[in-house]
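A closer look at the structure
Given next are the chains, with one letter for each unit.
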Amino acid sequence: MVTLSIREALNQALDEEMARDPNVFLMGEEVAQYQGAYKVSQGLLDKYGAKRVIDTPITELSFAGVGIGAAMLGLRPVIEMMTFNFCILALDQIFNGAAKMRLMSGGQYKVPITFRGPNGAAHMLSAQHSQATENWFANVPGLKVVMPCNAHDAKGLLKASIRDDDPVIFLESEIMYGDTGEVGEDEDLIIPLGKADIKRAGTDVTIVAYSKSVGHALGAAQALAKEGVSAEVIDLMTIRPMDMATVAASVKKTNRVVTVEEAWPFGGTGAELAYRIGQSCFDWLDAPVTRVTGLDVPMPYAENLEHLTLPNATDVVAACKAVLYRT
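Predicted model only: the values in this text are computed from it and were never measured.

1. Section: the overall build of the protein chain
Across its full length, the protein chain carries twelve helices and 14 strands. Oriented by its inertia axes, the alpha-carbon framework of the protein chain measures out at about 60 × 45 × 40 Å. Each of the 327 residues in the protein chain was classed as buried or not, and the buried ones make up 55%. Within the protein chain, counting contacts between residues at least 6 apart in sequence, those at least 24 apart form 82% of the total. Summing over all exposed atoms, the protein chain offers an accessible surface of approximately 13700 Å²; the carbon and sulfur share of this is 55%. Here the protein chain contributes 28 positive and 40 negative side-chain charges, whose respective centroids are spaced 5 Å apart.

2. Some words on the environment of glutamate 29
Considering the arrangement of structural elements, one finds glutamate 29 in the loop between strand 2 (24-28) and helix 2 (44-48). On a C-alpha basis, the gap between glutamate 29 and glycine 49 in space is 16 Å, while along the polypeptide they are 20 residues apart. Once residues within four sequence positions are removed from consideration, glutamate 29 is found in contact with Asp55, Thr56, Pro57, Ile58, Thr59, Glu60, Phe63, Glu80, Met82 and Phe86.

3. A word on the pattern of salt bridges
Scanning the entire structure with this criterion turns up 25 salt bridges. Salt-bridge contacts for glutamate 17 lead to arginine 163; the nearest nitrogen and oxygen are separated by 3.0 Å. You can see glutamate 17 sitting in helix 1 (residues 6-20) and its partner arginine 163 sitting in helix 7 (residues 151-163), a full 146 residues away along the chain. Relative accessible area serves as the criterion here: at 26%, arginine 163 is assigned to the partly exposed category. What emerges from the salt-bridge pattern is a single network uniting Glu16, Glu17, Arg20, Lys155, Lys159, Arg163 and Asp188.

4. Side note on unusual backbone geometry
Cis rather than trans, the peptide bond between arginine 240 and proline 241 has omega equal to 0 degrees. Structurally, proline 241 can be placed in the loop between strand 12 (238-240) and helix 9 (244-254). For glutamine 35, which is not glycine, the phi torsion reads 70 degrees and is therefore positive. Position of glutamine 35 relative to the elements: it lies in the loop between strand 2 and helix 2. Even without glycine at this site, serine 211 takes up a positive phi of about 55 degrees.

5. Details of the sheet that holds strand 10 (residues 205-209)
If you walk across this open sheet you meet the five strands as 9-11-10-13-14, and the pairing is mixed. A single partner strand is all that each edge strand has here, and the edge strands are strand 9 (197-200) and strand 14 (290-292). On average, adjacent strands in this sheet sit at an angle of 25 degrees to one another, irrespective of strand direction.

6. Some thoughts on the environment of glutamate 16
If you trace the backbone, glutamate 16 turns up in helix 1. Those residues in contact with glutamate 16 that sit more than four places away from it in its chain are Lys155, Lys159 and Glu187.

7. Some thoughts on the nonpolar core
Ranked by internal contacts, the top residues of the largest apolar core, which has 45 residues, are Met81, Ile94, Phe115, Phe137, Ile169, Val247 and Ile277. If one sorts the elements of this core by residue count, helix 3 (residues 60-72) sits on top with five residues. Setting aside anything within four residues of it in sequence, one finds isoleucine 94 in contact with Ile68, Cys87, Ala99, Phe115, Phe137, Leu143 and Ile169. Counting residues in hydrophobic clusters, the runner-up holds 33 residues, among them Leu44, Val78, Ile162 and Leu193.

Criteria and thresholds
Residues numbered from 1 in each chain as written. Predicted model: local features only at pLDDT ≥ 70, side-chain atom pairs only at ≥ 80, totals over all residues. Heavy atoms only, no water. Helix = DSSP H or I, 4+ residues; strand = E, 2+ residues; numbered from the N terminus. Buried < 20%, exposed > 50% of the residue type's maximum accessible area, 1.4 Å probe, protein only. Contact = heavy atoms within 4.5 Å. Areas by Shrake-Rupley, 256 points an atom, 1.4 Å probe, with all protein chains shown as cover. Lys, Arg positive; Asp, Glu negative; His and termini not counted. Charge placed at Lys NZ, Arg CZ, Asp CG, Glu CD. Salt bridge = Lys/Arg side-chain N within 4 Å of Asp/Glu carboxyl O. Pairing = 2+ DSSP bridges. Axes fitted to C-alpha atoms, helices over the stretch in contact; angles between N-to-C directions. Core = buried A, V, L, I, M, F, W, Y, C linked by side-chain atoms within 4.5 Å.

Scope: geometric values only; no functional claims are made or implied.
Below, the structure written as structure tokens:
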């Protein structure tokens, strides 16, 4: 094992996959000469050259389309969005091109493309640069949506995404790039898409989270343990396809569920989870599924208001106590 930041783990994954497969290339704004806006592509231009690490103009719609076309012809593009807020300008290509091409061509075209970049709130970037976009993409059939919470998972999931024959939306937390953790040194470290991970075992309540919210869930579980409550924390890792088997097994054990996400509540991942849990685990539930989300407002600029808008471990503890009927 080696200690890496999430930034370094992503860089290592890109490096290994580009070395393994000459069809893999990286394209996006400032990924080459500037080494990436968040330095995820550092060193790759010198190693692989300008034909495989390609700087683009600030035209998300155009280079998303170029990447989709390249994928249809057998290459494996990794398209970096400087921030996924900018991906809004490329949604026509992603929703109507990448997501639908395999079906609409009767399987004649695969689209093995990975769109990746920072997602969600950072610090004081205001409403247009702080959006958690995962639910937009998860709503579209044909797309896979992946969100790691640590360096080990980031590396293994990115490698799996690049090798996948379907389009993958790979969302990285903007404020977690510097977070460090142990990562396996095996170049074949692959974490399958569509499989959740139990980050902490427990018996009294299930907390389902992903990305940055896993940290809040683990913090809440630690605080609850001091009060004699055993919380199980499940990291979805892949939002779509969703691993309901792991979630359902946990619910049948704990009989109570709290979901945690940074995104807005309406039509959220937690809402989908609550529906599916109600369909498959209703007889095992001893309390309604409770959701912890970001507030249903555009993100404020002021730091104190941003803090109030985002969920935290204290919110998760309160939600867990609510489903346990504790004050």
